[in-house]
Every structure is written in structure tokens, then in C-alpha cells.
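# Coordinates in review
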Amino acid sequence: MKQYETTPKMKERSFNAIAWYLVCLALAVFTNLYYFLVINTSERLYISPLTIDLDENFVFGESVPNTVEVQVRGVSSQLDKVTSLNFRTSLNLKNVQDEGVVEAEVILEKLGFLAQNDMFEISVQPSVLRVSMERKNSKPVPVVPLFVDSVPRGYTLQGYRTVPSRVDLTGSRTEIESISEVYTEQISLASILENSRQRVRLLNPSSFSNISQDNVDIYFSVLATDIVKTYQDIPVIPVGLSEQFTYAEPLSTVSVVVQSSEEILEAYTPFLFAEMQDIRAPDSYEIEVKAQQDENVEIISIAPQSVIVMVKASTGRGFYY
């Protein structure tokens with residue numbers, strides 16, 4: 001058998017072929033890796049609640065975000081397994097010693113699937129928060145009821161009592177120093193006709209303060225100053241009837257219930273009437289009974305509220321006004 005000798009030139013060609021093969025293999029691996037890690041990579045943005053651990057002797061001097069953004073970047077097929085339950089964000093302010101602005105890093109804790117995998121890039125925005133801290137202060141302040149109207153006519157609000165009359169307000173030192181009272185929600189007196197109790201909500205004067213309780217009770221003392229009186233058999237007077245007509249007989253009487261002070265009602269006489277100016281032909285009509293208005297007297301009811309009137313053509317006799 002013929003033997004072939006390997007020449008240096010053949011060795012060089014073999015070396016170059018192996019080198020090109022390795023380069024092609026590296027390029028193929030790089031291309032696949034690039035596709036897998038770059039082209040097949042995506043990112044998700046999550047809104048994470050921010051848990052704040054705060055020293056009990058301090059409060060915030062200004063508002064602090066209650067959420068932060070968490071960005072997770074990784075392979076799309078794996079990223080689908082990530083949820084907002086896979087991480088927790090917090091701020092540790094328990095070591096604050098003095099008032100002022102503190103820079104605190106947002107702490108990210110991986111949970112569940114994220115804790116078991118290191119294939120993701122995770123970032124938090126903002127990663128550091130500047131927080132204004134003030135010492136907690138507390139003081140008692142009076143409760144002020146916020147009345148929006150008055151008791152009905154005929155009643156007098158003799159007084160009211162708030163229980164408790166003072167509440168403790170706790171919050172930042174500068175906020176508490178500027179607050180001298182706490183108001184209730186709006187209170188209507190329009191339906192209060194007797195001694196009664198009403199529970200009302202307190203309004204927090206500042207987002208940086210807390211009230212020792214949410215509600216207070218207000219006790220009202222109300223006195224009825226008017227009396228109710230019923231007038232019986234009051235005649236109804238027709239008004240406005242054309243002279244072309246007359247009514248067959250005097251109208252029936254009615255009763256009227258009124259309310260006012262005893263002094264005014266002693267001199268009061270109700271005047272009731274039935275408007276007939278719209279009558280254009282003889283017939284039987286049911287007409288509403290009205291009362292003459294008196295600013296010092298409230299008409300509660302009239303019974304019956306209407307009367308039947310028999311209208312005839314006038315013959316020169318009859319009743320008309």
C-alpha cells in the first residue's frame with residue numbers, strides 16, 4: 001500500500017480548516033445565544049405597594065409614595081411566570097434618630113419563583129427616597145360642631161353638648177402646632193324637633209395627623225315655642241266670581257289647623273277662600289280651598305281641601321263677592 005506523507009503545507013491547510021470550523025461554530029453559538037438572550041427577551045413593569053417600617057416616635061413631615069415601580073427583564077417564556085406576588089418592597093426607617101430629610105433605599109425582597117431563579121434583571125424606581133421626618137406630637141383640641149341650618153320654625157335650640165368635647169390629635173410637630181380645633185361633618189338641624197342625640201363623624205384636619213376617635217355624640221336640647229290650634233266651622237268665601245253667575249247656596253265650612261305662638265293665635269282669625277274667576281258657564285265645580293297667608297302663622301292642614309260649588313246664571317240675586 002502506498003504511504004502518503006504529510007507535508008507542512010497540508011498541515012497548514014488542516015489547521016486552517018479546523019480554525020474556520022471553530023469560528024463558524026462559535027458564531028452559531030453566539031447567534032443562538034443572542035437570539036435567546038436578546039431577541040427573545042422582554043421586560044415587565046409592576047406597581048408594588050411600599051411597606052414602611054417607622055420608628056414610633058417619628059412621623060412623616062410630607063407625603064411619601066405608597067407604591068414604587070418594579071421592572072423585571074428576562075426571557076419572555078419565563079417572564080410570564082412572574083407576578084406581583086413574587087416580590088415585596090419596603091422602606092426601613094426604624095433607625096431614624098433626628099428630624100430632617102433622610103435618604104432611604106427601597107428594599108426589594110424576592111419571593112417564590114423569583115427567589116428560586118437568578119435569570120432576571122430586576123430594578124426599582126425610585127430606588128432611593130428622600131423622606132422628611134418629624135417627631136410625633138400630641139395634644140387635646142376642642143370639637144366644633146358644623147351646623148348648616150337651624151331647627152324648624154316654632155322650635156328653639158336651647159343648647160347642645162358634645163361628648164367628648166375634646167379629642168387627642170397626634171401627628172407631625174409642625175402640623176399639630178398649627179391646629180387648634182377639630183370640626184365635625186356637616187350637621188342639619190332641620191329635622192330636630194325634640195331632645196335627642198346624634199352621632200357624627202370627625203373631619204381630620206390634616207393628612208399628617210390622626211384623631212383619637214372617629215365619631216362623637218352631640219346631645220341637643222330643643223324647646224317647642226309654638227302651639228298648634230284647630231279652628232272649626234270656618235266659612236269658605238268665594239272670590240272672583242263673575243257677576244253673570246251666582247252660586248246656589250253658601251259654601252260649606254271647613255276646619256283649619258295652624259301653628260304659631262300663643263300670643264299671635266289669640267288675635268288670629270283664619271280667612272279661607274275659593275278662587276272662581278275661571279268659571280265661564282253654569283255647572284257644578286270642585287274648587288280648592290286656600291288660606292290667606294300670614295308670615296307669623298303656619299298653615300298645617302285644611303279639611304276638606306276642596307268644596308263643591310253649584311254655579312248658576314245670575315238673576316240679580318244670590319251670593320257673590
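Residues numbered from 1 in each chain as written. Predicted model: local features only at pLDDT ≥ 70, side-chain atom pairs only at ≥ 80, totals over all residues. Heavy atoms only, no water.

When its secondary structure is counted, the chain shows five helices and 23 strands. Within the chain, buried positions represent 30% of all 321 residues. Counting contacts in the chain only where the partners sit at least 6 residues apart, residues at least 24 apart contribute 72% of the total. Carbon together with sulfur atoms contributes 50% to the accessible area of the chain, which is approximately 20,900 Å² in total. (Helix = DSSP H or I, 4+ residues; strand = E, 2+ residues; numbered from the N terminus. Buried < 20%, exposed > 50% of the residue type's maximum accessible area, 1.4 Å probe, protein only. Contact = heavy atoms within 4.5 Å. Areas by Shrake-Rupley, 256 points an atom, 1.4 Å probe, with all protein chains shown as cover.)

The omega angle of the peptide bond from glutamine 125 to proline 126 is -5 degrees, so this bond is cis rather than trans. Mapped onto the fold, proline 126 is located in the loop between strand S7 (121-125) and strand S8 (128-147). Each neighbour pair has its own omega, and for alanine 303 with proline 304 the value is -10 degrees, a cis peptide bond. On the secondary structure map, proline 304 appears in the loop between strand S22 (298-303) and strand S23 (306-313). Even without being a glycine, aspartate 233 presents a positive backbone phi close to 55 degrees.

On to the pattern of salt bridges. Evaluation of the coordinates by the stated rule reveals eight salt bridges. Where arginine 130 meets glutamate 103, a salt bridge forms, and the shortest distance between an N and an O atom there is 3.1 Å. One end of the pair, arginine 130, is in strand S8; the other, glutamate 103, is in strand S5 (residues 100-105), with 27 residues separating them in the sequence. For the pair arginine 130 and glutamate 103, one class covers both residues: exposed. Each of Arg197, Arg199 and Asp217 takes part in a single network of salt bridges with overlapping partners. (Salt bridge = Lys/Arg side-chain N within 4 Å of Asp/Glu carboxyl O.)

This part covers the nonpolar core. In summary, soluble globular proteins display a tendency toward joint burial of nonpolar side chains. Counting residues in hydrophobic clusters, the biggest one holds 24 residues, and the most contacted among them are Leu272 and Val309. Sorting the residues of this core by element identifies strand S15 (227-234), strand S17 (245-247), strand S18 (254-260), strand S19 (272-275) and S23 as the ones contributing at least two each. Not counting residues up to four positions away in its chain, the partners in contact with leucine 272 are Ile234, Pro235, Val236, Ile237, Val254, Val256, Val289, Lys290, Ala291 and Ile302. In terms of nonpolar packing, the next biggest core, distinct from the first, is built from 22 residues, Leu50, Leu93, Ala104 and Val124 among them. (Core = buried A, V, L, I, M, F, W, Y, C linked by side-chain atoms within 4.5 Å.)

On to the packing of aromatic side chains. Per the counting criterion, the structure on display carries six aromatic pairs. Aromatic side chains phenylalanine 147 and tyrosine 160 sit 5.0 Å apart centroid to centroid with 80 degrees between the ring planes, which places their arrangement in the edge-to-face category. On the criterion of sequence distance, the pair formed by phenylalanine 147 in strand S8 and tyrosine 160 in strand S9 (residues 155-163) is long-range, its members being 13 residues apart. Look at phenylalanine 147 and you get partly exposed, because its relative accessible area is 26%. Judged by relative accessible area, tyrosine 160 falls into the partly exposed class, the value being 44%. Sitting above the plane of the tyrosine 219 ring, arginine 161 keeps its charged end 4.7 Å from the centroid. (Phe/Tyr/Trp six-rings, centres within 6.5 Å; stacked < 30°, edge-to-face > 60°. Lys NZ or Arg CZ within 6 Å of the ring centre and 35° of its normal.)

Before going further, it helps to spend a moment on the pairing of strand S10 (residues 166-172). Where a strand is regular, its side chains alternate between the two sheet faces. With seven bridges connecting them, S8 and S10 associate as antiparallel partners. By the bridge assignment for S10, lysine 139 is matched with leucine 169. (Pairing = 2+ DSSP bridges.)

Sheet architecture is open: three strands sit in the order S17-S23-S20, paired in antiparallel fashion. Every other strand in the sheet has two partners, leaving S17 and strand S20 (283-288) as the edge strands with one partner each. Neighbour-to-neighbour, the strand axes of the sheet open up by a mean angle of 40 degrees, direction not taken into account. In this structure, S17 lies alongside S23, joined through three bridges in antiparallel fashion. Residue pairing for S23: phenylalanine 245 is matched across the bridge by alanine 313. (Axes fitted to C-alpha atoms, helices over the stretch in contact; angles between N-to-C directions.)

It is worth spelling out the layout of surface pockets at this point. Empty space within the largest pocket amounts to approximately 180 Å³. Of all elements in the fold, only strand S2 (58-60), S10 and strand S13 (209-211) reach the threshold of two or more residues within the lining of the largest pocket. (1 Å grid on protein atoms, 1.4 Å probe; cavity = no way out; pocket = protein on both sides within 12 Å on 5 of 7 lines; lining within 4 Å. Points joined across faces, edges and corners; volume = space filled by probe spheres on them.)

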